[in-house]
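Inside the fold
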Amino acid sequence: MSNGSETGGLTENKQSIRGNWGSRMGFILAATGSAIGLGNIWKFPYITGVYGGAAFVLVYLVCVVIVGLPLMMAELIIGRRSKKNPVGAFKALHKPRSPWQATGWLGVASGFVILSFYSVVAGWAMAYIFKSLAGFSGTGQQIQSQFGTLVAHPSASIMWHTIFMVLCIGIVIGGVQRGIERWSKILMPTLFAILLALMAYGVFYTHGGPRALEFLFKPDFSKLSAEAVLSALGHAFFTLSLGMGAMLTYGSYMRRDESITRDAITVSALDTIIALIAGVAIYSLVFNFDMDPAAGPGLIFQTLPVLFAETGPWVSVPFFILLTFAALTSGISLLEVVVAYFIDERGWSRKKTTLILGTAIYLFGLLSAIASLTIPFRGRDQGFFDVFDFISTNYMLPVGGFLTCLFAAWVMKESDRVAEFGSRGPLYKGLIFVLRYVTPVAVFIVLLHGLELLPFMDY
Ligand code: TRP
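Residues numbered from 1 in each chain as written. Predicted model: local features only at pLDDT ≥ 70, side-chain atom pairs only at ≥ 80, totals over all residues. Heavy atoms only, no water.

1. Brief notes about the site of the ligand
Taken together, 16 residues form the shell around the ligand, and within it Ala35, Gly39, Tyr118, Phe238 and Ser241 come nearest. At a separation of 3.0 Å, an oxygen atom of the ligand approaches a polar backbone atom of Ala35. At 2.7 Å, a backbone N or O of Gly39 approaches an oxygen atom of the ligand. Within the complex, the protein chains bury 100% of what would otherwise be the 360 Å² of accessible surface of the ligand. Among the secondary structure elements, those contributing two or more residues to the shell around the ligand are helix H2 (24–35), helix H3 (38–50), helix H11 (226–239) and helix H15 (313–346). In terms of residue class, the shell around the ligand is made up of eight nonpolar, eight polar and no charged. (Near = heavy atom within 4 Å. Polar contact = N/O pair within 3.5 Å; in protein donor to acceptor, adjacent residues only side chain to side chain. Areas by Shrake-Rupley, 256 points an atom, 1.4 Å probe, with all protein chains shown as cover. Helix = DSSP H or I, 4+ residues; strand = E, 2+ residues; numbered from the N terminus. Nonpolar A, V, L, I, M, F, W, Y, C, P; charged D, E, K, R; others polar.)

2. Overview of the pairing of strand S1 (residues 374–377)
Relative to strand S2 (residues 380–383), S1 is paired through four bridges, and the arrangement is antiparallel. From the neighbouring strand, Phe377 faces S2, where its bridge partner is Arg380. The hairpin formed by S1 and S2 contains two residues between the paired strands, and Arg378 there has a positive phi angle of roughly 50 degrees. (Pairing = 2+ DSSP bridges.)

3. What about helix H16 (residues 350–369)?
Compared with the 28 Å implied by 1.5 Å per residue over 20 residues, the 27 Å span of H16 between its first and last C-alpha is a close match. Buried residues of H16: Arg350, Thr353, Thr354, Leu357, Gly358, Ile361, Tyr362, Gly365, Ser368 and Ala369, and no others. (Expected span 1.5 Å × (residues − 1). Buried < 20%, exposed > 50% of the residue type's maximum accessible area, 1.4 Å probe, protein only.)

4. A look at the environment of Arg24
With respect to the helices and strands, the residue Arg24 is situated in helix H2. What makes Arg24 partly exposed here is its relative accessible area of 27%. The contact partners of Arg24, leaving out residues within four places of it in the chain, are Glu258, Arg262, Asp263 and Thr266. (Contact = heavy atoms within 4.5 Å.)

5. Concerning the nonpolar core
Ile300, Phe301, Phe319 and Phe320 are the most contacted members of the largest nonpolar core, which has 154 residues in total. Tallying contributions element by element places H15 first for this core, with 19 residues. Beyond its immediate sequence surroundings of up to four residues, Phe319 is in contact with Ile41, Leu198, Ile282, Ile300, Leu304 and Phe308. (Core = buried A, V, L, I, M, F, W, Y, C linked by side-chain atoms within 4.5 Å.)

6. A short note on the pattern of salt bridges
Under the criterion given, the structure shown has 14 salt bridges. For Arg24, the salt bridge identified is with Asp263, shortest N-O distance 2.7 Å. Here Arg24, found in helix H2, pairs with Asp263, found in helix H13 (residues 260–288); they are 239 residues apart in sequence, far enough to count as distant. According to the relative accessible area criterion, Asp263 is buried, its value standing at 0%. Residue Arg417 is joined to Glu414 by a salt bridge in which the shortest nitrogen-to-oxygen separation is 2.6 Å. Of this pair, Arg417 and Glu414 are both found in helix H18 (residues 414–421), three residues apart, which corresponds to roughly one turn of the helix. Judged by relative accessible area, Arg417 falls into the buried class, the value being 4%. (Salt bridge = Lys/Arg side-chain N within 4 Å of Asp/Glu carboxyl O.)

Set out below in structure tokens:
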């Protein structure tokens, strides 16, 4: 039951069946909820540590502005113009059998794959709420090894993965306003409050505050490598939920009278500010106890718990609740992309779609939850978790982002773009210029790096 052939807007009646946001605030909170996730609280702090601090942060900020923001605007423009899921959107704005709909397919597939392993990490965050309640004790080594035990223990990982997927399904089944928007309005303000409290604690109650601020904000460019620049670019992409139609789908529920420019700036700014605040909170603790900032992916689940043994549960419990809430609002946006496709293009009911697809993603996620399952990938045996993470971050999202960008800049009708942007002024001209010549080049470089094809890098 494809109705992708009609161009442009649908009737009001049809829109209300699809759903839309109740208010601008609802959209902003849901979209920041999608953007703010494990990428901000887990990944950003650890990669900043690995790449040496402030210089990396600065490059990342530039990437958000020249790659992230324009691409987010492109997705919102495509979404709101078509009022469709990613597949339907490309058809509606081009033509019924358009090859561009493959971009939408890729997006829906990315949502499926990313959520399947994202849910496993989110599950670890939930497990750590309870570990925190019990308190961390023992030697540093013993505390650090708890993480390995959790990961290696399929029944524990599977149980938390199950709970997380049930929560995502439960929220998305409620619909755009009564599910996603309502929960974003509860979870996001709580998240902001917890994070501000943790930052205040880090800066005012530990001795690590000044060193943390210096580490994050006083650049030393001698530490900057090409690898760091490429990671900053890739991360700008991931953290803003771009390249797979998540913002496109959320944009399709937006009201016509809101400024896309203003909203995209607000969402990108909030996402960036939250990542920086999380960095300050985490590094204040890390430096207070003289730990290694370059610990890598284990920073949150291994290094921090050792410190939490000193601070007590009243710091660690809120921290892991924060991580869980951040993951949950991102998880629902990943699920919503997949669900929107089946609702719009196949005419399924929201309830049926959410239950069936949510279950399918859950089952697929079991592969990632069972750490002992491995497949040969890039020359060695790897767990499914790493394989899916690698494929989606390095191949699927950059390809999706690249194509979305080309579509918005070169294929979409000028009149469609202008109608959503709201003017043809210098700002609009600037955006189109960047989308044509800057963003795609940057994204293409990330892709080449993901494929290990950049001539000047050692792979
Ligand atoms: N942006 C989220 C984070 O920072 C992850 C995420 C949610 C995402 N939806 C996405 C990433 C869509 C890419 C595409 O953790």
